[in-house]
Amino acid sequence: MKKVLVIFIVVLAASVAFASTEEGKKLFEAQCDKCHSLERSLKKTKNLEAWKRTNKRMARYSRGSITAQDVEKIAEYLASKDKPGKPAVTPAVTIEPEKEAKVHEEHHMFEFKKVKVDQFIKPEVCALCHSEKFKQWNGSMHSKAFADPLWRAATKLFFKEAVEKEEVLEMKACVKCHTPLGFRSYSISSPGDDYDKLAALPAQGIFCNWCHNINEIKHLGDAGYEVAPGSGEDDPSTMLGPLKDASSDFHPTKYSELHTKSEFCGLCHNVTHAANKLPLEQTYDEWKNSPYNTGDQATTVNCQDCHMRQRPGIPATGKTVRPDNPGKAADQGPDRKHLWTHYFVGANVLVTKLLKSDLHAQMAIERLKNAADLELIKSDSYKKNELSHISVKVINSGAGHYLPTGITEVRQMWLDVKISDHKGKTILRSGSLDKNGNIDKNAVLYYTQLGNAKGEPVINVALADRILYDHRVPPKGYLIEKYAFQIPADAVFPLTVKATLKYRSASQSLANKILGDAAPKIPVVDMVSLVDKLAP
């Protein structure tokens, strides 16, 4: 009797399971072809938990037409179809490999694991659960890394000027960093390729699923890392990040200490010439050797502590407060004391404005206005018909790196100084702009001048093999600029001194050269000003 009862229970359980599977199959066939073909799912092999994660993500797309119970039943069906004894699934169709750009030559910069575009997830999918972070990123310089019109035009021009093999190699490195997925999927190899033909996802520059897949440092700088992708939206990779207790129904999660440190930023924000190793952008090293890096984890201020605490109205620089940012990491997640923001604007008012990211442009201005301070150093007295002096102390009080940083052969930060008498007569002027937007040649300009093998100044990084000049302000440091002037006999005291530290992302002449008639007027930001009086 017991044996009969056991057989009955087993048969009953099997019948219930079969019925549930059949119901799941019907739901699958009725619901899942609204967004994609059924074959797409039937080709996949996943366990029950993986199918549940996928189905929950799909249910979000359905706007309520797929219920939580439906998710369970469809997952049970899709998981059971791969078990032994079930009818064979239609054989997978052989997919032709993606058409590749030119095969990368052998060089250390190409020593990475090749990936495929369809292994990654679009940012718009991430936005379904992380809507606030998506809004912050969408409009950031990371999202515009490949769309940046100035970068596109400059790299095209510089590539044409590159003749030697080493020069061409350096231009390829530009593409490697600005569209890492495009480069590592062999979809694009250099500025000589058609930028407009790049697929939509790699054209989004530095996107969510890319950064949160970085799992290995090979070397700091020059994009010396590896990524661990998944199989796209149906089978996402493990997302790496700074939360130790994160969990998701849609993708695996794992804590990554790397994502909390400046070394993560240093993977890309340290750039050397691909061939001759000339330091071109050394933002990470500038931070590493600064007072912000104390060597003690408890007191060190990492890149993230400024650049990922910034939000509208809170510039979060070295001279301002950097408060926590409470909220939810995921829309349906728990409340958290602090979330890292993803605006990533730096000081780029130019490109953010050009690409209609007005909020990000305003945040770049806020950052610039909280990066530095000025002090006026006077002489004991000022007399007519005598040579007089003032000094302006330029203090980097807010940036954890040099001012300016990045591509400092392009950036322009300068002092605009004007001395006038009580009636408004100008006695000294340095740093004004002419009608063409060019800075007075006698102005104090903070920038780096690159040179070629002949010692000639160049703007094209591919042609550079030396640094001819580097005049910039170190973090928590200062430079003192001296001015001499003659006070005329008819001057009326007191004299007024106005000094302004100004900044723009590129010179007007360079923009005109690169963009031609399409060149906009380059916005100039007054970072900080001082006004003082000089008396006899």
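Residue positions are given per chain, counting from 1 as you read along its sequence in written order. Owing to the predicted nature of the model, reporting of local features is limited to residues with pLDDT of at least 70; listing and counting of side-chain atom pairs is limited to 80 or more, with chain, interface and lining totals taken over all residues. Side-chain metrics rest on all non-hydrogen atoms present in the structure, leaving aside hydrogens and water.

- If you look the chain up in an unreviewed UniProt entry, it shows as Cytochrome c554 family protein from Candidatus Desulfatibia vada.

## A word on the overall build of the chain
So, point 1. For helices the rule is a DSSP run of H or I covering at least 4 residues; for strands it is a run of E covering at least 2, with both sets numbered from the N terminus onward. Each helix and strand counted, the chain has 16 helices and 18 strands in total.
So, point 2. The criterion used for residue contact is that any of the two residues' heavy atoms lie within 4.5 Å. Within the chain, residue pairs in contact and separated by at least 24 positions form 68% of the contacts whose partners lie at least 6 positions apart.
So, point 3. Areas reported as accessible are Shrake-Rupley estimates using a 1.4 Å probe. Residue values count occlusion only from the protein chains shown. When the accessible surface of the chain is split by element, carbon and sulfur atoms take 54% of a total near 26,700 Å².

## Observations concerning helix H8 (residues 165-178)
So, point 1. Given a helix with a known number of residues, its expected span is that number minus one, times 1.5 Å. Here H8 contains 14 residues, and its C-alpha end-to-end distance of 21 Å stays within 8% of the 20 Å for a straight helix at 1.5 Å per residue.
So, point 2. Working definition: with a 1.4 Å probe on protein chains only, accessible area under 20% of the residue-type maximum means buried, over 50% means exposed, and in between means partly exposed. Within H8, the full set of buried residues consists of Glu167, Leu169, Glu170, Met171, Lys172, Ala173, Cys174, Val175 and Lys176.

## Regarding the pattern of salt bridges
So, point 1. Only one rule defines a salt bridge in this text: a Lys or Arg side-chain nitrogen within 4 Å of an Asp or Glu carboxyl oxygen. Applying the stated rule across the entire model yields 17 salt bridges.
So, point 2. Ionic pairing is found between aspartate 532 and lysine 378, a salt bridge with its closest N-O pair at 3.3 Å. In this pair, aspartate 532 is assigned in strand E18 (residues 525-534) and lysine 378 in strand E9 (residues 373-378), connecting sequence segments 154 residues apart.
So, point 3. In this structure aspartate 532 comes out as partly exposed when scored by relative accessible area, which is 26%.
So, point 4. By relative accessible area, which is 40% here, lysine 378 ends up partly exposed.
So, point 5. Of the charged contacts, one joins aspartate 490 and lysine 425 as a salt bridge, the two residues approaching to 3.2 Å between their closest N and O atoms. Taken together, the residues aspartate 490 in the loop between strand E16 (478-486) and strand E17 (495-504) and lysine 425 in the loop between strand E11 (412-420) and strand E12 (426-430) connect sequence positions 65 residues apart.
So, point 6. Three or more residues are tied together by salt bridges with common partners; here these are Asp305, Arg309, Asp324 and Lys337.

## Notes on helix H16 (residues 508-515)
So, point 1. Of the residues making up H16, those classed as buried are Gln508, Leu510, Ala511, Ile514 and Leu515. Buried residues of H16, seen end-on, are gathered within an arc of 160° and therefore sit on one face of the element.
So, point 2. Looking at the buried positions of H16, the neighbouring elements they touch are helix H7 (149-161) and E17.
So, point 3. Of the residues flanking the end of H16, it is glycine 516, one or two places downstream, whose phi is positive at about 65°. Directions pointing from the helix axis toward each C-beta atom define the arc.

## Quick notes on the pairing of strand E10 (residues 387-395)
So, point 1. E10 sits mainly inside the fold: 7 of its 9 residues count as buried.
So, point 2. Pairing geometry for E9 and E10, over 6 bridges, is antiparallel. Paired with lysine 378 across the two strands is isoleucine 390, which belongs to E10.
So, point 3. Any two strands with at least two DSSP-identified bridges between them are counted as paired. For E10 and E16, the ladder comprises 9 bridges, and the chain directions are antiparallel. Note on E16: the bridge partner recorded for isoleucine 395 is tyrosine 478.

## Observations concerning the sheet that holds E10
Adjacent strands of a sheet pair through backbone hydrogen bonds, lying either parallel or antiparallel.
So, point 1. Taken together, 3 strands build an open sheet; the order of strands is E9-E10-E16 and the sheet is antiparallel. Because the sheet does not close on itself, it has two edges, and the strands there are E9 and E16. Sheet twist, expressed as the mean angle between neighbouring strand axes with direction ignored, is 20°. Only the contacting stretch of a helix is used when fitting its axis, a line to C-alpha atoms as for every element, and angles between N-to-C directions run 0 to 180 degrees.

## Observations regarding the side chain of asparagine 460
So, point 1. Here asparagine 460 lies in the loop between strand E14 (457-458) and strand E15 (466-471).
So, point 2. Here a polar contact means two N or O atoms within 3.5 Å. Within protein one must be a hydrogen donor candidate and the other an acceptor candidate, and residues neighboring in sequence count only if both atoms are side-chain atoms. A distance of 2.9 Å separates the side chain of asparagine 460 from the backbone nitrogen of alanine 462, its partner in a polar contact.
So, point 3. Here asparagine 460 is in contact with Phe158, Glu161 and Met171, once residues within four sequence places are set aside.

## Some details on the packing of H7 against H16
So, point 1. Orientation of H7 relative to H16, taken along the N-to-C sense of each, is 70°, at an axis distance of 9 Å. Taken together, the axes of H7 and H16 lie roughly perpendicular to each other. Facing H7, whose interface residues are Pro149, Leu150, Ala153, Ala154, Leu157 and Glu161, H16 presents Ala511, Lys513, Ile514 and Leu515.
So, point 2. In the contact of H7 with H16, the residues fall into 8 nonpolar, no polar and 2 charged. Any angle between 65 and 115 degrees counts as roughly perpendicular, while under 35 counts as roughly parallel, over 145 as roughly antiparallel, and the rest as oblique. Side-chain classes follow a simple rule in which Ala, Val, Leu, Ile, Met, Phe, Trp, Tyr, Cys and Pro form the nonpolar group, Asp, Glu, Lys and Arg form the charged group, and the remainder, Gly included, forms the polar group.

## Overview of the packing of H7 against H8
So, point 1. Where H7 contacts H8, the axes come no closer than 9 Å and their chain directions differ by 160°. For the element pair H7 / H8, the angle class is roughly antiparallel. The way H7 lies across H8 gives a crossing that is left-handed. Contacts between H7 and H8 involve Trp151, Thr155, Phe158, Phe159 and Glu161 on the former and, on the latter, Glu167, Val168, Met171, Cys174, Val175 and His178.
So, point 2. Here the residues of the contact of H7 with H8 sort into 7 nonpolar, 2 polar and 2 charged. Handedness of a helix crossing follows the sense of rotation of the near helix relative to the far helix, less than a right angle counterclockwise being left-handed and clockwise being right-handed.

## Looking at the nonpolar core
So, point 1. Counting residues in each nonpolar core, the largest one holds 41 residues, and the members touching the most others are Leu374, Ile390, Val392, Leu415, Phe485, Leu501 and Met527.
So, point 2. Here, nonpolar core means buried Ala, Val, Leu, Ile, Met, Phe, Trp, Tyr and Cys residues that are tied together by side-chain atoms lying within 4.5 Å of each other. By size, the runner-up hydrophobic cluster in this structure holds 33 residues, among which are Leu150, Cys174, Val410 and Ala511.

## Topic: the environment of asparagine 396
So, point 1. Inspection of the secondary structure assignment puts asparagine 396 in the loop between E10 and E11.
So, point 2. C-alpha separation for the pair asparagine 396 and aspartate 373, spaced 23 residues apart in sequence, amounts to 6.7 Å.
So, point 3. Look past the residues within four positions of asparagine 396 in its chain and what remains in contact with it is Ala371, His401, Tyr402, Leu403, Val473, Pro474, Pro475, Lys476 and Gly477.
So, point 4. In terms of polar contacts, asparagine 396 uses its side chain to reach the backbone carbonyl oxygen of histidine 401, at 2.8 Å.

## Section: a nonpolar patch on the surface
So, point 1. There is a patch of nonpolar side chains on the surface, built from Ile377, Tyr478 and Ile480 and spanning about 260 Å² of accessible area.
So, point 2. Tracing the chain through its elements places isoleucine 480 in strand E16.
So, point 3. Of the residues examined, isoleucine 480 reaches a relative accessible area of 38% and is grouped as partly exposed. Patch membership requires more than 30% relative accessible area and the absence of a salt bridge. Residues of like charge join within 9 Å; the nonpolar side chains Val, Leu, Ile, Met, Phe, Trp and Tyr join within 5 Å.

## Some words on the environment of leucine 530
So, point 1. Mapped onto the secondary structure, leucine 530 falls in strand E18.
So, point 2. The spatial distance from the C-alpha of leucine 530 to the C-alpha of leucine 374 is 6.7 Å, given a sequence separation of 156 residues.
So, point 3. Here leucine 530 is in contact with Leu374, Glu375, Leu376, Val497, Lys498 and Ala499, once residues within four sequence places are set aside.

## Quick notes on unusual backbone geometry
So, point 1. The linkage connecting leucine 403 with the following residue, proline 404, adopts the cis geometry, with an omega of -10°.
So, point 2. Residue placement: proline 404 occurs in the loop between E10 and E11.
So, point 3. Look at the link from phenylalanine 493 to proline 494: it is a cis peptide, with omega at 0°.
So, point 4. Inspection of the secondary structure assignment puts proline 494 in the loop between E16 and E17.
So, point 5. The phi angle at lysine 476 is positive, at roughly 60°, despite the residue not being glycine.

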